[in-house]
Amino acid sequence: MTKKRTVFLRVIVSVLLVCFALYFLQKLLMPKYVTGIVEGAFVAEYYEEENKDFDVIFVGDCEVYENFSPVVLWEKYGINSYIRGSAEQYIWQSYYLLEDSLRYHVPQAVVFNIQSLQFNESQNEAYNRMSIEGMEWSKSKIGAINASMTEEEHFLDYVFPILRYHSRWNELTEDDFKYMFHSPKVSYNGYFMRVDTRPVETVPEGNALADYSFGDKAWEYLDKMRELCEENGIQLILVKAPSVYPTWYEQYEQQVEDYASKYDLPYYNFLELTEEAGIDYSTDTYDAGLHMNINGAEKLAEYFGRILSEEYGIIDRRGNQELDDIWAENIKEYENEIDRQCEYYQVDKNTLYRYRESDK
Amino acid sequence: MLFTSYEFIGFIFALAILYYVFPKKLQWMLLLLFSYLFYWIANPIYLIYIAVTTVTIWGCGRMIERNFATQSEYLKANKESLTKEEKKAYKNSKKSARGRWLLLGVLVNLGILAVVKYTDFIVGIFTGKGLGFMDLAVPMGISFYTFQAIGYLIDVKRGTVKAEKNLFKFALFVSFFPQLVQGPISRFGDLSQTLYAEHRFDWTNVSYGIERIMWGFFKKLIIADRVAPAVNVLISDVSVYHGAYAFVGMVLYTLELYADFTGGIDVTIGVAQMLGIRVTENFNRPYFSTSLKEYWRRWHITMCQWFREFVFYPVSTSKAIQGLAKFSRKHFGDNIGKKLPVYVSTFVVWFATGIWHGASWNFIVWGLLNWLILMVSEELEPLYDKFHGKFRFSNTIGYRIFMGLRTLLLICVLNMFDCYVSVSETFHAFLTMFTSANYSIFTTGELLNLGVSALDYIILLCGVLVMLIVSMVQVKGSVRDQIAAKPYPVRFVIWFALFLVILLVGAYGIGYDSSQFIYNRF
């Protein structure tokens, strides 16, 4: 009996020790995305939101998380919104992130940026990781993994990320220890802020493609997204952000327009609405037209927010005490970040659109 | 399914659970099912080849067994009535019939092996270019299971083992998945003792098996797969990587081959042991050998035994060789008359060993060079003995280390035939070691441009040191027995440390090319 108990104790203690050590190591070895490539942290940050009752959810790649400012949507129109985007987020990942969000709340509208329709297969494991790793475990995450994995990837590596990051032990930095169990927020309701400016000087000519048709898988997930929205009574809005490159071909545009018209979906190509939105490519982009800086993102939010509230009846939630408190805190953090970045990039805060009252 | 893949770990984990949950009588059937599943996952077409081998060898074995039984019954029944000459004539006729069944089994199976593995090579000899597509048809592990099955048939014919009555049990012997792809080449008499037995869950077996598997993973993932990118670069183009590079490539390949092949066999033996099955050891610290002859007693032991038992002895006792012995004794004297048959028989063995490894001149020349060195060493043996008798230092540890390093260097040189695409390129690469004045690469950091970083080299060095220490500890007896004798906390720390090292330092996953085991292709 004593021997049996000893063996039992040994097994229990050994298993606990192994599990603890592996958990600890996994936490240590996983990338923290707090500095440098912070985009990898966006997806996980959503779950930290105490109140997930968002009225508008944006899904898509960098063309949403860098081009629309949810703070402005709240400030100007009382729209409670969140961006569920990550770097080069493929349409199937957007679909599963939307499905995942529906576990918590049903928004009034979903805004999907159609740039990712050009991809029919995942192009890069690193982007898959950034989109999927932050998701909480659910049917949606499993779907996202299965839909996204490249040939070199393995499902088990997502279940036990230590298997993927096992060799990071020689790249560990202070951040890895500091943010092992909790990382600071790096986005503002999913928005990635940049205050610096690099104007558009030339727009690269797009190369001619052999085939401009979107792939079957891309269409399949757009259909699924549309159907999911229909089933839940959500207004799906298609947008194309005003990024001047990668080239948005005429043939791409035609296919989206045809689809939108076929299913009676609203579609806004902001490349054609830059004047109305007030986008100035000499002041509103930080990387020569690929993404908007804070000026562009705020202008776009201001313009699109009006459409959302006037044409789609997205309600003004200002006055809701809980949300007012949450957003007050969000705005404070947003402005602190503006200050931090202005200092870092040597930008005069007063030159930013947000603080130029004369422009509004 | 690569031995170091997640799928394989899951596969053996699932098998181990079912194996000990299943009724013991059905354990061997489960093994057969999993073995065929393993082969089916590799390529369903391969099942046809292994099934043909199984059925033909089993059928021939049964016919030989029946022949023995008939002979025995007939002789028993006619004990009194037959004269000695009649008995002898009857026995000879039966023996010939058995020989024909053996020949049939051997020819069919060597025929399959020859067609799938050597057609390309033979066509290439005559036409200058191979058929190409034949390479794709070579079923996984065909050299191993064909030799194992033929070995069984010869043993049955010799009467050293009884033919297996149950076709499915025999199918398991041929297809037992842990040893299917890279050996060892088991003898039926050894493997069948535990393969079909009923096994209770035994913690010692399971833990020893897991330890052995982890040790195999250590060798494969820490050493073999980490050094492989550098080896692949170094042997890719001898016009770029010559001289000192060729030397480094030769040494690193020898290291890779050892870690890869012995690591794979460790996994094989470990998996079998988890299931309570005893598989013959295939290595005995081969790189500690002080001569090539000793090396071939300690490296790929089961293959060497196979060639000794089933090629050397039959050839050396054949009528042709005996005739040659007689002829040479008569014409060249006793000394040559005694040696010539041995040299001819060993020539056949080494030619066969070479061609068994692969259908290329490289392997044939490699085999014949081994033969030449072994024969020259044999001839010089009296001189060595004189030398050792005269000089005292020949008994010192220092001298033994020198002999070991000399042998290792010789093995490294012979292994070069496995690296380069042709015999001429191999000789060219070897000669550049003496003609290219580029040994400065050891100090200029150019070895860091081979896909292996400084950290990788440090890990390799540590890995090699661990292997060396383990090999030295092995001299005192089983390392696992020594670990088992330690208190539990010490054992736990050793196991967990090994597991963590494999997990964190192993060259697996994205960013690393998962290399197939080298011996899978033979």
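Quick notes on the rules
Residues numbered from 1 in each chain as written. Chains lettered and ligands numbered in written order. Predicted model: local features only at pLDDT ≥ 70, side-chain atom pairs only at ≥ 80, totals over all residues. Heavy atoms only, no water. UniProt positions renumbered as here; feature names shortened; annotations may be inferred. Helix = DSSP H or I, 4+ residues; strand = E, 2+ residues; numbered from the N terminus. Rg over C-alpha atoms; globule rule 2.2 N^0.38 Å. Buried < 20%, exposed > 50% of the residue type's maximum accessible area, 1.4 Å probe, protein only. Contact = heavy atoms within 4.5 Å. Areas by Shrake-Rupley, 256 points an atom, 1.4 Å probe, with all protein chains shown as cover. Lys, Arg positive; Asp, Glu negative; His and termini not counted. Charge placed at Lys NZ, Arg CZ, Asp CG, Glu CD. Buried area = accessible area lost by both parts, 1.4 Å probe. Salt bridge = Lys/Arg side-chain N within 4 Å of Asp/Glu carboxyl O. Pairing = 2+ DSSP bridges. Expected span 1.5 Å × (residues − 1). Phe/Tyr/Trp six-rings, centres within 6.5 Å; stacked < 30°, edge-to-face > 60°. Lys NZ or Arg CZ within 6 Å of the ring centre and 35° of its normal. Domains from an automatic or database assignment. Polar contact = N/O pair within 3.5 Å; in protein donor to acceptor, adjacent residues only side chain to side chain.

Labelled according to an unreviewed UniProt entry, chain B appears under the name Membrane-bound O-acyltransferase family protein, originating from Agathobacter ruminis. Looking at the Sequence similarities (unreviewed entry) heading of the UniProt record, one finds this comment for chain B: "Belongs to the membrane-bound acyltransferase family." Quoted verbatim from the Subcellular location (unreviewed entry) heading of the UniProt record, the comment on chain B is "Cell membrane".

Named according to an unreviewed UniProt entry, chain A is SGNH/GDSL hydrolase family protein originating from Agathobacter ruminis.

### Overview of the overall build of chain A
Per the secondary structure count, chain A includes 15 helices and five strands. Radius of gyration (C-alpha) of chain A: 22 Å, near the 21 Å computed for a compact globule of 360 residues. If you line up chain A on its principal axes, its C-alpha atoms span 80 × 45 × 40 Å. Taking all 360 residues of chain A together, 56% fall into the buried category. Across chain A, the fraction of contacts at a sequence separation of at least 24, relative to all contacts at a separation of at least 6, is 81%. For chain A, the exposed surface amounts to about 16,300 Å²; the carbon and sulfur share of it is 51%. A gap of 10 Å separates the mean positions of the 34 positive and 64 negative side-chain charges of chain A.

### Focus on the interface of chain A and chain B
Note on interface size: it is often stated as the accessible area lost on association of the parts. Between chain A and chain B, the contact holds 21 residues from the first and 17 residues from the second. Summing both partners gives a buried area of about 1,700 Å² for chain A against chain B, and 72% of it is carried by carbon and sulfur. Among the residues of chain A in contact with chain B, R10, H166 and W169 of chain A are the three that bury the most area, contributing 32% of the side total. The tally of links between chain A and chain B comes to zero salt bridges. Among the elements that line the side of chain A that touches chain B, the one with the most residues is helix α1 (residues 2–29) of chain A, at eight residues.

### Concerning the pairing of strand β1 (residues 56–60) of chain A
All names here are of chain A. Counting buried positions along β1 gives five out of five residues, so the element sits mostly inside the fold. The alternating pattern of β1 places V56, F58 and G60 on one face and I57 and V59 on the opposite face, and all of these are buried. Here β1 runs beside strand β2 (residues 81–85); their pairing, made up of five bridges, is parallel. Bridge assignment links I57 to a residue of β2, and that residue is Y82.

### A word on helix α2 (residues 27–42) of chain B
Between its first and last C-alpha, α2 of chain B extends 23 Å over 16 residues, near the 22 Å set by a 1.5 Å rise per residue. Residues of α2 of chain B that are buried: Q27, W28, L30, L31, L32, F34, S35, F38 and Y39 of chain B.

### Focus: unusual backbone geometry
Of note, the bond from Y245 of chain A into P246 of chain A is cis; its omega dihedral lies within 30 degrees of zero at 5°. Along the chain, the position of P246 of chain A falls in the loop between β4 (235–240) and α12 (250–262). A cis amide bond, omega 0°, links G183 of chain B with the succeeding residue P184 of chain B. Mapping P184 of chain B onto the fold places it in the loop between α6 (167–175) and α7 (188–195). For N189 of chain A, which is not glycine, the phi dihedral falls at a positive 55°. Residue position: N189 of chain A is located in the loop between α10 (174–178) and α11 (216–231). Unusually for a residue other than glycine, A288 of chain A sits at a positive phi of about 60°.

### What to know about the packing of aromatic side chains
Following the criterion strictly, the structure yields 90 aromatic pairs over all chains and no others. A centroid spacing of 6.2 Å and a plane angle of 85° characterise the contact between Y39 of chain B and Y145 of chain B, whose relative ring orientation is edge-to-face. Placement of the pair is Y39 of chain B in helix α2 and Y145 of chain B in helix α5 (residues 142–158), with a sequence separation of 106 residues. Per residue, the accessibility class of Y39 of chain B equals that of Y145 of chain B, and both read buried. Here the aromatic residues Y258, F261, F283, Y287, Y295, W296, W299, W350 and W366 of chain B are joined through ring pairs into a cluster of three or more. Residue placement shows K217 of chain A over the ring face of W92 of chain A; its charged tip is 4.2 Å from the ring centre.

### Comments concerning the UniProt feature "transmembrane region" (unreviewed entry) in chain B
All names here are of chain B. Under the feature "transmembrane region" (unreviewed entry), the UniProt entry names residues 5–22, 28–58, 101–119, 131–154, 401–423, 454–473 and 493–512. Secondary structure within residues 5–22 divides into 89% helix and 0% strand; the distance between the first and last C-alpha atoms comes to 26 Å. Span residues 28–58 is 90% helix and 0% strand, its end C-alpha atoms 17 Å apart.

### Topic: the domain arrangement of chain B
All names here are of chain B. Taken domain by domain, chain B consists of domain 1 (6–201) and domain 2 (212–521). Averaged C-alpha coordinates put domain 1 and domain 2 at centres separated by 28 Å. Across the contact, 40 residues belong to domain 1 and 37 residues belong to domain 2. Of the roughly 3,200 Å² buried between domain 1 and domain 2 on both sides combined, carbon and sulfur atoms contribute 68%. Remark: the boundary between domain 1 and domain 2 carries two salt bridges. The partner of R187 in a salt bridge is E309, and the shortest N-O contact between them spans 3.6 Å. The tally of links from domain 1 across to domain 2 stands at 13 residue pairs in polar contact (both at pLDDT 80 or more). Those elements that place two or more of their residues in the side of domain 1 that touches domain 2 are α1 (6–21), α4 (84–127), α5 and α7.

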